[in-house]
Each structure stands twice: as structure tokens, then as C-alpha cells.
Amino acid sequence: MVTLEEAKDYLRYDGTDSDAELRAMIAAAENVIAKHCDTGSDFTLPVFRQAALLLLGYWDDNRNAQSGENWYLPPHVVALLAPYRTPVAV
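Residues numbered from 1 in each chain as written. Predicted model: local features only at pLDDT ≥ 70, side-chain atom pairs only at ≥ 80, totals over all residues. Heavy atoms only, no water.

S.K.: Before we move on, can you summarise the confidence of the model for the chain with the specific residues and values?
M.R.: Any segment with low pLDDT has predicted coordinates that should not be analysed in fine detail. Mean pLDDT for the chain: 91, with 92% of residues reaching 70 or above. Between the elements of the chain, mean pLDDT differs from a low of 94, seen in helix H4 (residues 75-81), to a high of 97, seen in helix H1 (residues 4-11). (pLDDT = per-residue confidence, 0-100. Helix = DSSP H or I, 4+ residues; strand = E, 2+ residues; numbered from the N terminus.)

Structure representation (C-alpha cells):
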């Protein structure tokens, strides 16, 4: 969904000091998005790239979980992914 260079550009990271951490965050974001969406979603669509970048930005801004929010995914990411998820009745 997102390359390391795209993530670094979006987050305004310079150098290579954080590359390993960013690779882990990218993999985690892709995993979370894939699990949140329906099987068979076309993850090559630009909406998934945008959702991944927004999620990376959210995690970068809230890396110490100090925001006090209890969201599994931030609302703006959920809004982008909503068309690709079938609601589950409880």
C-alpha cells in the first residue's frame, strides 16, 4: 500500500535512522487495514494508500498513546475504509 519512501515523505522524516521502525509501522498499518476490510478488497486502490498514510500519521502523532482516545482506528481512517467493510450484526 505504501513504500518506505512514501511514508518518510508523508511523515517528513529525513535520513535512515527510523527506517526499521517505519517499516514495522507500514507492515502493521497494512495488516490492520487488510483485517478491517472485506476479503477480496482491491488494496491497489488509492483509497487504501491514503488510509495507510493517515494511519501512519496518527500513530506517529500518538506514539505514546497519550491522546486518551480508545479508537481501534481513527475516525478519518474508518470513514475511508467504510465502503470496503460489510457491517457485522451483533
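S.K.: Could you give an account of the pattern of salt bridges, naming the residues involved and the relevant values?
M.R.: For the structure on display, the rule yields four salt bridges. Measuring nitrogen to oxygen at the nearest pair gives 3.0 Å for the salt bridge that ties Lys8 to Asp19. Placement of Lys8 in helix H1 and of Asp19 in helix H2 (residues 19-36) is noted, with a sequence separation of 11 residues between them. What makes Lys8 buried here is its relative accessible area of 8%. For Asp19, a relative accessible area of 10% corresponds to the buried category. The salt bridge involving Arg63 is made with Asp60; its shortest N-O contact spans 2.4 Å. On the accessibility criterion, Arg63 (41% relative accessible area) is partly exposed. On the basis of relative accessible area, Asp60 is assigned to the buried category, the value being 17%. Several salt bridges converge on common partners, so that one network encompasses Glu21, Asp60 and Arg63. (Salt bridge = Lys/Arg side-chain N within 4 Å of Asp/Glu carboxyl O. Buried < 20%, exposed > 50% of the residue type's maximum accessible area, 1.4 Å probe, protein only.)

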